[in-house]
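Listed below, chain by chain, are the residues.
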Amino acid sequence: MLNQAEIAVQFATRRPYHSLTRELYCDAGVFQADLEAIWYKDWIFAVSAAELPKAGAYATLQLGAYPVVIVKGSDGEIRAFHNVCRHRGQRLCAKTSGTTVKLVCPYHQWTYDLDGKLMWAREMGPEFKPANHGLKTVHCAVAAGMVFVCVAETAPDFAPVKTAADRYSAPHGMGDLKVAFQSRIVENGNWKLVLENNRECYHCAGAHPALCRTFNDDPHLVGGDDSLSSPVGAAHVERCEAAGLPSRYLISPEENWRLVRIPFVGAAVSYTMDGKAASTRLPAMPFANAGSLLFFHYPNTWNHFLSDHVLNFRVLPISPTETEVVTTWLVHKDAVEGRDYDLKRLTEVWEATNDEDRQVVEENQKGILSPAYEPGPYSPDQESGVAQFIDWYCASMTRHLMPARPMAAE
Ligand code: 3BY
Ligand code: FES
Ligand code: FE
């Protein structure tokens, strides 16, 4: 297991525009450093807001060492708390999701209100102050109908991503969606391999026969400005913008999130086997063939907003070589299964794609575990997105490992 100084050397000596060293994908010390530098500092996508449809609905997640619970209060506010009882530390909610009137600890029944206040604790003596034993809060914010949490003491500014993601996703009516389906898989690979795989489509033609029926794998489809986009991509953005759909490529200054709307292949309008819609059109979408609004936010989510449904993807690290991927399919809340959408049609392309990506990632991890592995070059044409993610990762880690020294007094 590498120590901090050894990890710093890994970053200082890395080959630019190449995959990372074996240690950076496999080592337990690096995994811990990833948690501390990124997962415990940045905003992390936790659940779709549609997973918490009414007061008392809650969902839990394990963010590294931190169990977190997210609850919708009686006032409609979504809040996040450390899922740890203030008595003797029992994990408060064990289930992945549910609905409750109060949060009751299963150990000695300390009872918390949905806003985290301790309401009731039996026989704690006259000195005991319930007000000092409310649940510890976790930063919580919603953007594009997605609930993000941050366990850092001070969270990075969320306003820029919220403003942009809310504006781009508004026509998809994120407040009027419901969960149609959710899948949860564990991939035997490092979390960075999962993200890298998502940031390129170099593998798509070989790995994703179902997805490639509708997903345009041109790496130059829509770029940072129109001169970098293909004619098909540029025309799509212009047409969507003219119809009032924010679509232009937008990336944050730190390059940790990006929004852009891309067209499908040919006449396709959705990620289905025949390219036809999978569900009823979302009411505010002006046309069915608006393609897909892509939204990634590092380190743990990429998303597709279509004219008829929305897909949220959540990545969470479990161990150096295990990563959980949760996919949520959202449709209009009034859509009725069997009448307005068929679950198999809606989910089969990304169910297949996720499984294909799982196999790719697992084989990638197996190869990288070999002492014979050495970092290889990225394709400038096909893998600039992977290089961009890896550059962001290395910059985040370097900042954490070598904090800027205070300037010497003059
Ligand atoms: O989910 C996605 O957006 C990425 C883009 C390229 C590969 N994969 C389909
Ligand atoms: Fe929660 Fe005792 S640990 S009530
Ligand atoms: Fe893939």
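Data block above holds the structure.
This one's a predicted model, so the numbers in the text were calculated from it and none came from an experiment.

Colleague: Go over the sheet that holds strand β11 (residues 177-187) with me, naming the residues and quoting the values.
Modeller: Ordered by their spatial adjacency, seven strands build an open sheet running β11-β17-β16-β15-β14-β13-β12, and the pairing between neighbours is antiparallel. Each edge of the open sheet is held by one strand with a lone partner, namely β11 and β12 (250-251). For strand β14 (residues 292-297) and strand β15 (residues 301-305), the ladder comprises five bridges, and the chain directions are antiparallel. Counterpart to F296 in the pairing with β15 is W302.

Colleague: Any chance you could break down the state of the cysteines for me, citing the residues and the numbers?
Modeller: Using the criterion set out here, one finds one disulfide in the structure. The thiol of C26 is not disulfide-bonded; the next cysteine sulfur, from C394, is found 15 Å away.

Colleague: Now, about the sheet that holds strand β6 (residues 103-104): what can you tell me, with residues and values included?
Modeller: Taken in spatial order, the three strands make up an open sheet running β6-β7-β8, and their pairing is antiparallel. Of all the strands in the sheet, the pair left with one neighbour each is β6 and β8 (118-120). Sheet topology places strand β7 (residues 111-112) next to β8; two bridges connect them, and they run antiparallel. Bridged to Y112 within β8 is L118.

Colleague: Now, about the side chain of S279: what can you tell me, with residues and values included?
Modeller: Within the element layout of this structure, S279 appears in the loop between β13 (257-262) and β14. Leave out the neighbours within four places in its chain, and S279 touches D308, V331, A335, D340 and Y341.

Colleague: Residues and numbers for the nonpolar core, please.
Modeller: W39, I70, Y271 and Y393 are the most contacted members of the largest nonpolar core, which has 81 residues in total. With nine residues, the top contributor of residues to this core is helix α9 (residues 384-401). Beyond its immediate sequence surroundings of up to four residues, Y271 is in contact with L211, T214, F215, F264, S292, H304, L306, H309, L311, R345, V349 and W350. Counting residues in hydrophobic clusters, the runner-up holds 30 residues, among them F158, A165, C240 and M285.

Colleague: Explain the site of ligand 1 to me, and be specific about the residues and the numbers.
Modeller: All residues in the neighbourhood of ligand 1 are listed as N198, E200, C201, C204, L211, F215, W302, H304 and W350. Here an oxygen atom of ligand 1 sits 3.0 Å away from a polar atom, N or O, in the side chain of N198. Contact distances for ligand 1 include 3.0 Å between an oxygen atom and a side-chain N or O atom of H304. Computed on the free molecule, ligand 1 has an accessible area of 260 Å², of which 89% lies beneath the protein chains in the complex. Of the residues assigned to the shell around ligand 1, the class counts are six nonpolar, two polar and one charged.

Criteria and thresholds
Residues numbered from 1 in each chain as written. Chains lettered and ligands numbered in written order. Predicted model: local features only at pLDDT ≥ 70, side-chain atom pairs only at ≥ 80, totals over all residues. Heavy atoms only, no water. Pairing = 2+ DSSP bridges. Helix = DSSP H or I, 4+ residues; strand = E, 2+ residues; numbered from the N terminus. Disulfide = S-S within 2.5 Å. Contact = heavy atoms within 4.5 Å. Core = buried A, V, L, I, M, F, W, Y, C linked by side-chain atoms within 4.5 Å. Buried < 20%, exposed > 50% of the residue type's maximum accessible area, 1.4 Å probe, protein only. Near = heavy atom within 4 Å. Polar contact = N/O pair within 3.5 Å; in protein donor to acceptor, adjacent residues only side chain to side chain. Areas by Shrake-Rupley, 256 points an atom, 1.4 Å probe, with all protein chains shown as cover. Nonpolar A, V, L, I, M, F, W, Y, C, P; charged D, E, K, R; others polar.

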